[in-house]
Amino acid sequence: MSETPSDETQGPNNAPSMRLLSQYSKDLSFENPGAPQTLGATLPTPAMEVAVDINARSLGQNHFEVELSVSATARREAEVVYVCEANYAGLFKIENVPADQLEPALLIEAPHMLFPFIRQIIASATRDGGFVALMLEPLDFVGMYQQQRMKREGAVQPLGTNSPAEGGNA
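What counts and what doesn't
Residues numbered from 1 in each chain as written. Predicted model: local features only at pLDDT ≥ 70, side-chain atom pairs only at ≥ 80, totals over all residues. Heavy atoms only, no water. Helix = DSSP H or I, 4+ residues; strand = E, 2+ residues; numbered from the N terminus. Expected span 1.5 Å × (residues − 1). Buried < 20%, exposed > 50% of the residue type's maximum accessible area, 1.4 Å probe, protein only. Contact = heavy atoms within 4.5 Å. Pairing = 2+ DSSP bridges. Phe/Tyr/Trp six-rings, centres within 6.5 Å; stacked < 30°, edge-to-face > 60°. Axes fitted to C-alpha atoms, helices over the stretch in contact; angles between N-to-C directions. pLDDT = per-residue confidence, 0-100.

Q: Would you explain helix H2 (residues 99-128) in this entry?
A: Counting along an α-helix, one turn takes 3.6 residues, and residues three or four places apart therefore face a common direction. Here H2 contains 30 residues, and its C-alpha end-to-end distance of 43 Å stays within 8% of the 44 Å for a straight helix at 1.5 Å per residue. Gly130, located one to two residues past H2, shows a positive phi value of around 100°.

Q: I would appreciate a short explanation of the environment of Gln120 in the present structure.
A: With respect to the helices and strands, the residue Gln120 is situated in helix H2. Once the C-alpha coordinates of Gln120 and Leu134 are considered, the two residues, 14 residues apart in sequence, prove to be 9.0 Å apart.

Q: It is not clear to me how the environment of Cys84 should be interpreted in this structure. Could you clarify?
A: Mapping Cys84 onto the fold places it in strand S4 (residues 79-95). With relative accessibility at 0%, the residue Cys84 sits in the buried group. For the pair Cys84 and Phe30, spaced 54 residues apart in sequence, the C-alpha separation works out to 4.5 Å. Excluding its chain neighbours within four sequence positions, the residues that come into contact with Cys84 are Ser29, Phe30, Val70, Ser71, Ala72, Ile122, Ala125 and Thr126.

Q: Quick question: what am I supposed to make of the pairing of strand S2 (residues 47-60) here?
A: Looking down a regular strand, the side chains alternate between one sheet face and the other. Two strands pair when backbone bridges link them, and S2 and strand S3 (residues 63-76) are joined in this way by 13 bridges, in the antiparallel orientation. Its bridge partner lying in S3, Val50 is registered against Ala72. Here S2 folds back onto S3, and the loop between the two strands holds 2 residues, one of which, Gln61, carries a positive phi near 50°.

Q: Got a minute to help me understand unusual backbone geometry in this structure?
A: A negative phi angle is the norm for most residues apart from glycine, just as the trans form is the norm for most peptide bonds. Following Ala35, the chain continues into Pro36 via a peptide bond in cis, with omega recorded as 5°. We note that Gln61 has phi near 50°; this positive angle belongs to a residue other than glycine. Looking at the secondary structure, you find Gln61 in the loop between S2 and S3. With phi around 65°, Asn62 is a residue other than glycine that occupies positive phi space.

Q: Before we go on, may I ask you to explain the packing of aromatic side chains in this structure?
A: Aromatic ring pairs are defined here through the distance separating the ring centres and the angle between the ring planes. Tallied over the full model, the rule gives 5 aromatic pairs. On the basis of an interplanar angle of 70° and a centroid distance of 6.1 Å, the ring pair of Phe115 and Phe141 is categorised as edge-to-face. Taken together, the positions of Phe115 in helix H2 and Phe141 in helix H3 (residues 141-155) put the pair 26 residues apart, joining distant regions of the chain. Given a relative accessible area of 8%, Phe115 falls into the buried group.

Q: Would you mind showing me how to read the sheet that holds S4 here?
A: Within a beta sheet, neighbouring strands are joined by backbone hydrogen bonds and run either parallel or antiparallel to one another. Strand order in the open sheet formed by 4 strands is S1-S4-S3-S2, and the pairing between neighbours is antiparallel. Here the strands that pair on one side only, and so sit at the sheet edges, are strand S1 (17-31) and S2. Sheet twist, expressed as the average angle between the axes of neighbouring strands with direction ignored, equals 15°. Relative to the sheet, H2 contacts S1, S2, S3 and S4, its axis offset from that of S4 by approximately 140°.

Q: Just checking my understanding: could you explain the confidence of the model for the chain for this structure?
A: Do not read the predicted coordinates in detail wherever pLDDT is low. Overall, the prediction assigns the chain a mean pLDDT of 86, with 84% of residues at 70 or greater. For the chain, the element scoring lowest by mean pLDDT is helix H1 (residues 7-10), at 49; S4 scores highest, at 97.

Written out as structure tokens, the structure reads:
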């Protein structure tokens, strides 16, 4: 029989940890301005424009709120068929994560955990609006983070230097 040492004998736990304490909808909007004329089954599939944004903020004591925002606009030619916007957030407790790894945890790992839920919210809202459910494709949060970081680093370079985003050689 194996015994597990009690918490007193193991010593302090300094392992990095990230826990999702709660998750919640902050905002949800669905606009269907042309209904019922825009709901015909024989109408062509609308073109989609989807925008995603991620924000994180410290709430103190190792607590952080990460908010994932999605805006989806469907158009047929110049006519807006529908607009669906959702903000979904999570309250995270992050401990013992090195400072240089905190931002990637907040802007890559946390949204990755929240994404399936906002995806379902968007799908349900568009379906309930009378359209085919909009199923968002999986997002590349690593690529989004790297792109945002390159933009930010390019914006703070001294005058006379080219950032990689501007096509210059580093």
